Amino acid sequence: QVQLVESGGGLVQAGGSLRLSCAASGRAFTSMGWFRRAPDKEREFVAGMRRSESRYADSVKGRFTISRDYAKNMVYLQMNSLKPEDTAVYYCAASSAFTIPVTTGRYDYWGQGTQVTVSS
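Residues numbered from 1 in each chain as written. Predicted model: local features only at pLDDT ≥ 70, side-chain atom pairs only at ≥ 80, totals over all residues. Heavy atoms only, no water.

Below, the discussion takes up the pattern of salt bridges. Scanning the model with the defined rule gives 4 salt bridges in all. In this structure, Arg36 and Glu44 form a salt bridge, with 2.7 Å as the shortest nitrogen-oxygen distance. Among the residues examined, Arg36 registers a relative accessible area of 6% and is labelled buried. Among the salt bridges present, the one from Asp86 reaches Arg63, with a minimum N-O distance of 2.7 Å. (Salt bridge = Lys/Arg side-chain N within 4 Å of Asp/Glu carboxyl O. Buried < 20%, exposed > 50% of the residue type's maximum accessible area, 1.4 Å probe, protein only.)

What follows is the structure, encoded as structure tokens:
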């Protein structure tokens with residue numbers, strides 16, 4: 001049974017940092033990514049990674065870093081210089097694609113989400 005479990009969300013002041021973790025179990029995946037959903041908005045791509053290649057949304061480039069520990073089947077999202085507009089529920093996602101998908105439909109499994117709130 002495949003399961004993705006996120007952790008590391010919380011409340012932080014603007015300019016602060018958080019590190020999200022996602023533990024995957026059940027199988028390994030070629031691509032893993034992070035999405036977020038802000039109140040009254042659609043779920044949007046944040047970052048994705050396949051092997052050593054990574055991809056970021058323009059809104060987080062230079063501030064967020066995705067990384068993977070393949071031995072532990074983990075994926076992380078280091079978030080620095082956080083802004084109030086980064087406030088959202090963040091979701092870990094896993095895909096069998098041989099690229100880094102940026103749309104939700106290309107991901108096969110999802111975590112339950114973790115809340116990130118950035119205060120001004």
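A separate point is the environment of Ser25. Its place among the elements puts Ser25 in strand S3 (residues 18–25). When its relative accessible area of 31% is taken as the criterion, Ser25 is described as partly exposed. Distance from Ser25 to Lys72, taken between C-alpha atoms, is 9.3 Å for residues 47 residues apart in sequence. For Ser25, the residues in contact, after removing those within four places along its chain, are Gln1, Val2, Gln3 and Asn73. (Helix = DSSP H or I, 4+ residues; strand = E, 2+ residues; numbered from the N terminus. Contact = heavy atoms within 4.5 Å.)

This part takes up the sheet that holds strand S7 (residues 64–69). Spatially, the 4 strands line up as an open sheet ordered S1-S3-S8-S7, and their pairing is antiparallel. Looking at which strands have only one partner, the edges of the open sheet turn out to be strand S1 (3–7) and S7. Each strand axis lies, on average, 15 degrees off the axis of its neighbour in the sheet, ignoring direction. (Pairing = 2+ DSSP bridges. Axes fitted to C-alpha atoms, helices over the stretch in contact; angles between N-to-C directions.)

The next point concerns the side chain of Ser95. Looking at where Ser95 falls in the secondary structure, it is placed in strand S9 (residues 88–95). Reaching out from Ser95, the side chain makes a polar contact with the backbone oxygen of Arg106 at a distance of 2.9 Å. In contact with Ser95, not counting residues within four places along its chain, are Phe29, Thr30, Ser31, Pro101, Arg106, Tyr107 and Asp108. (Polar contact = N/O pair within 3.5 Å; in protein donor to acceptor, adjacent residues only side chain to side chain.)

Let's shift gears to the state of the cysteines. The tally for this structure, following the rule as stated, stands at 1 disulfide. Each sulfur in the disulfide pair Cys22 and Cys92 lies 2.1 Å from the other. Across the S-S bond linking Cys22 and Cys92, the dihedral sits near -75 degrees, which makes this disulfide left-handed. Within this pair, whereas Cys22 is found in strand S3, its partner Cys92 is found in strand S9, the two being separated by 70 residues in sequence. The exposure class assigned to Cys22 is buried, which follows from its relative accessible area of 0%. (Disulfide = S-S within 2.5 Å.)

Core analysis: the biggest nonpolar cluster contains 28 residues, and Met32, Trp34, Leu77, Met79 and Tyr90 have the highest contact counts within it. Of all the secondary-structure elements, those providing two or more residues to this core are S3, strand S4 (31–37), strand S5 (44–50), S7, strand S8 (74–79), S9 and strand S11 (114–119). Grouped together as the second largest cluster of nonpolar side chains are 5 residues, Phe45, Ala93, Ile100 and Tyr107 included. (Core = buried A, V, L, I, M, F, W, Y, C linked by side-chain atoms within 4.5 Å.)

Everything listed here is a matter of coordinates, which is why it stays silent on function.
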